[in-house]
Structure formats: structure tokens, C-alpha cells
Amino acid sequence: MDDELFEQMVAVFNSLVSWVAAGAMVFGGVVPYIPQYRDIRRTQNAEGFSTYVCLVLLVANILRILFRFGRYFETLLLWQSIIMIATMLIMLNLCTNVRMATELNTKRRSFIDFDWSHFWSWTHFVDYLQCVLAFTLVAAYITYLLLDSALFVETLGFLAVFTEAMLGTPQLHCNYQNKSTEGMSIKMVLMWTSGDTFKTGYFLLTQAPVQFWTCGLLQVLVDFAILFQVYYYSRYPQKPVSHTVSHTTSAKAL
């Protein structure tokens, strides 16, 4: 009787752990952006956050969804990608609205202008939506044509997770240009690090495709590089940039 009760308790515990792990995988990726979103709304300043982070995650998760058509992976990871795409669009909408409010005299820049010098620095949120939709349609069409090629499918999976592994590099570059991490949510980066560490461990334990966990390790290394920037720029403050340079930097970052 005691053994049966113990087994039931273990089964319930294992089920609970599985549900918690599943929830962490699906929603854990978006949690780091909550403090950054709140900071931007509170200060009405998005200069410290690089919207290229949104670009990286949108591309990575769109490619990951397409990869699933060629090679099955857990449904949890599919939902994770869908929720992340929605989150990045919300972040882009906020950053665009804040920038429009602070740059009233700036000439309108549009996606359909096809001006690469202003790529991902458009005026309205709808331009970002047009770009994301165009990329999705082109990538989906190419995937449809080459879905029978094992080499293409594996390459697509690698590009998906490698792009995500480069998530922190726009923020890393933005911090380097500004010679500061001011305006960037440190909580966001700490959550990136803990989330990426958990995610990489999850990939290893569930025997996910090798592309997933190798690029997960790379992502953790980038997170630690950003944390080092936080330490370095706080311990050794750099010479403040001029107003003109700062304005140029913020335009590139956004």
C-alpha cells in the first residue's frame, strides 16, 4: 500500500515537473522582454534597446516553423516560436510609436522605398509587418520547392537556430557603439542567460536535433559577453559621446 502511494506521488511529481518545464519552454523566452517593455513605456525612450534583436528573433522563429515541415520536433517548440513572433511584433510596435513621438520632423521612411540605407529603420509599424510578411512568403515558397531535399531541410534548421543564437549580437554591438549599457534592461539580459541555459539543457535532455543544442551553447556565450559589458562599462565609464554621435547611434540601433 505504501509502495503504491509512493509511486502515485512520484507520478504526480513527474507530471508537475513536466508541466512546469513545458510552460517555461513556451513562455520563458518572452519573459525577459517584459521589463524592457515596461522601461521603454515608462521612459518613452527606446535608444538603449536594439530593434535588430526583434529582427533576429522574427527570422529565426519563422525559419524554425518552416523547418518543422521537413523535420518534426516537439509541438512545445512550435508554440514557443509562435508566441515569440507575437512578442517581437509587440516590441516593434512600441519602439516605432516611441520613435515617432520623439522624431516628429523626420522624413517618412517606408519598406516599399527599398532603400537599404534605412533597412529596419522605417517610420511606421506597418512597414515592419510588410517586411515580415514578404520574408515569410518567400521563405515558405522556397521551402515548398525544396522540401524533399534532406540537405536543404537540415540547412534550414541550422539557419533557424544559428540566427537565434546570434540574438544578443545586435545588443552587443549597440552597447559597444554607445560605449554604455544605459537604457538596456539588465534584468532582460539576466533572464536571457538563465533562459538560454535552461533551454540548452532541455535540448540536450530531450535529444533535440544537434543544431538546437550547439547553437544554444553559442547563445549562452553571447549572453555572458553582454553581462561582461555591463560590468566593464559600469566599472570603467567611457567618454560620453556627443549629441550628434548619440543621435546617429540611436538611429542605427532602432
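- In the annotation of an unreviewed UniProt entry, the protein is listed under the name Solute carrier family 66 member 2 and assigned to Sparus aurata.

Concerning the UniProt feature "transmembrane region" (unreviewed entry) in the protein
And step 1. Under the UniProt annotation, "transmembrane region" (unreviewed entry) lies at residues 12–34, 46–66, 78–98, 119–144 and 211–233.
And step 2. The span residues 211–233 carries 100% helix and 0% strand; its end-to-end C-alpha distance comes to 33 Å.

Details of the pattern of salt bridges
And step 1. What the rule picks out here adds up to 4 salt bridges.
And step 2. In this structure, Glu 164 engages Arg 64 in a salt bridge whose closest nitrogen and oxygen atoms are separated by 2.8 Å. You can see Glu 164 sitting in helix α6 (residues 150–165) and its partner Arg 64 sitting in helix α3 (residues 52–70), a full 100 residues away along the chain. One exposure class covers both Glu 164 and Arg 64, and it is buried.

Describing the confidence of the model for the protein
And step 1. Confidence in the prediction of the protein, expressed as mean pLDDT, is 81, and 87% of residues score 70 or more.
And step 2. Mean pLDDT values for the elements of the protein range from 36 in helix α10 (residues 243–253) up to 95 in helix α5 (residues 125–146).
And step 3. Predicted confidence for residues 241–254 stays below pLDDT 50, and this span has 22 contacts to residues more than four positions away or in other chains.

Reading the values: rules and limits
Residues numbered from 1 in each chain as written. Predicted model: local features only at pLDDT ≥ 70, side-chain atom pairs only at ≥ 80, totals over all residues. Heavy atoms only, no water. UniProt positions renumbered as here; feature names shortened; annotations may be inferred. Helix = DSSP H or I, 4+ residues; strand = E, 2+ residues; numbered from the N terminus. Salt bridge = Lys/Arg side-chain N within 4 Å of Asp/Glu carboxyl O. Buried < 20%, exposed > 50% of the residue type's maximum accessible area, 1.4 Å probe, protein only. pLDDT = per-residue confidence, 0-100. Contact = heavy atoms within 4.5 Å.

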